[in-house]
Amino acid sequence: MSDTATFALAPLRKAMAAQSAGEAMRGEAVRESAASLDDIYAAEIHRLVGLGTALAGDGAAGEDLAHDAFLQLAERMNRDPGYLHGPAWPLLRTMVVRLALQRRRAWARELRRLARAWQPAPSEGWEPSVTTLDWHTALQSLPPRMRATVVLFYGEDLSTAQTAAALGCSPRTVEIQLRTARQRLSTQMQWDDTEETAP
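These numbers come from a predicted model, not from an experiment.

J.: What exactly am I supposed to notice about the nonpolar core here?
T.: Side chains of a nonpolar character, in soluble globular proteins, are inclined to be buried together. One finds L48, L55 and L92 to be the most contacted residues of the largest nonpolar core, which totals 40 residues. Every element with two or more residues in this core is listed here: α1 (3-56), α2 (59-79), α3 (88-117), α4 (135-140), α5 (144-155), α6 (160-167) and α7 (171-197). The residues touching L48, leaving out its near neighbours within four places in the chain, are A66, A69, F70, W89, L92, R93 and V96.

This is the structure in structure tokens:
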């Protein structure tokens, strides 16, 4: 091969070497992110399932929310190994809250569709006894965003500002949601106490 041909191919060889080095570095970053994702999973899964259960009111639904949040995180970290720059918990918590709200909205839409298609006869109505009311039942009676506010503020012990940041609203909105939730929950719990003490 002539010196001219060798000289002309030099930039191409450099580009190919740089590309190979970049692919090797990307492969290493993917392996490191997979290892760190395993560590994050081991450290946070129980806490995340607990949060999901409190939001959904059901253990199986809570597990689904937690695992779906991890799947989203894994997909993002596969696309961009440097995606997670700080602690994983605030991001995972926000993902679970958003997933819970999305599912609740989808469920409400489906119920509205069913209600339009079928209306029960008045005699088929059923009111559960308030003596069976417990904390989870009372929490489930709150709207999804209000329930998320209560769980994050009281269950996760976040400040008003942190709760507002997690839910993407103002601190004043969080305060209003908490006040309304306390009023609703105290009313329900008083009904429960009255029913238990009645002769």
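J.: In this structure, what is going on with the environment of T180? I would like to understand it.
T.: Checked against the element boundaries, T180 lands in helix α7. Considering only alpha carbons, one finds T180 and M146, 34 residues apart in sequence, at a separation of 8.4 Å.

J.: Can you help me understand the confidence of the model for the chain in this one?
T.: Low pLDDT marks regions whose predicted coordinates should not be analysed in detail. Residues with a pLDDT of 70 or more make up 67% of the chain, whose mean pLDDT is 76. Mean pLDDT per element in the chain: α1 is the minimum at 67, and α6 is the maximum at 91. This stretch, residues 24-30, has a pLDDT under 50; its non-local contacts, to residues over four places away or in other chains, come to five contacts. Low pLDDT, under 50, characterises residues 191-199; the predicted model gives this stretch seven contacts beyond four residues in sequence or across chains.

J.: Looking at this model, I keep getting lost on the packing of α5 against α6. Mind explaining?
T.: If you want to describe how two helices pack, look at the angle between their axes and the distance between the axes. For the pair α5 and α6, interaxial distance at closest approach is 10 Å and the crossing angle is 135°. Regarding the angle of α5 to α6, the classification is oblique. Where α5 crosses over α6, the two elements pack in a sense that is right-handed. Residue-level contacts link R145, A148, T149, L152 and F153 of α5 to T160, T163, A166 and L167 of α6.

J.: Honestly, a positive patch on the surface in this entry has me stumped. Any pointers?
T.: Among the surface-exposed residues, R105, R109, R112 and R116 lie close enough to one another that they form a single positively charged patch. The topology assignment puts R105 in helix α3.

J.: In this structure, what is going on with α5? I would like to understand it.
T.: Quick reminder: α-helices carry 3.6 residues per turn. Residues three or four places apart thus point the same way. Among all positions of α5, only M146, R147, A148, T149, V150, V151 and L152 are buried. Just downstream of α5 lies D157, where phi reads positive at about 60°.

J.: Even after reading the chapter, I still don't get a nonpolar patch on the surface, so can you show me in this structure?
T.: Taken together, the side chains of W107, L111 and L114 present a nonpolar region at the surface, about 310 Å² in accessible area. One can find W107 in helix α3. We classify W107 as partly exposed; its relative accessible area is 48%.

J.: Is there a simple way to explain the pattern of salt bridges in this structure?
T.: Two side chains that carry opposite charge are able to pair once their charged atoms sit near each other. Counted under the stated rule, the structure contains four salt bridges. A salt bridge links R47 to E44, with the shortest nitrogen-to-oxygen separation between them at 3.8 Å. Taken together, the positions of R47 and E44, both in helix α1 and three residues apart, correspond to about one turn of that helix. A salt bridge links R172 to E175, with the nearest nitrogen and oxygen atoms 3.3 Å apart.

What counts and how
Residues numbered from 1 in each chain as written. Predicted model: local features only at pLDDT ≥ 70, side-chain atom pairs only at ≥ 80, totals over all residues. Heavy atoms only, no water. Core = buried A, V, L, I, M, F, W, Y, C linked by side-chain atoms within 4.5 Å. Buried < 20%, exposed > 50% of the residue type's maximum accessible area, 1.4 Å probe, protein only. Helix = DSSP H or I, 4+ residues; strand = E, 2+ residues; numbered from the N terminus. Contact = heavy atoms within 4.5 Å. pLDDT = per-residue confidence, 0-100. Axes fitted to C-alpha atoms, helices over the stretch in contact; angles between N-to-C directions. Parallel < 35°, antiparallel > 145°, perpendicular 65-115°, else oblique. Left-handed = near helix turned anticlockwise from the far one by under 90°. Patch = residues over 30% accessible without salt bridge, like charges linked within 9 Å, V, L, I, M, F, W, Y side chains within 5 Å. Areas by Shrake-Rupley, 256 points an atom, 1.4 Å probe, with all protein chains shown as cover. Salt bridge = Lys/Arg side-chain N within 4 Å of Asp/Glu carboxyl O. Lys, Arg positive; Asp, Glu negative; His and termini not counted. Charge placed at Lys NZ, Arg CZ, Asp CG, Glu CD.

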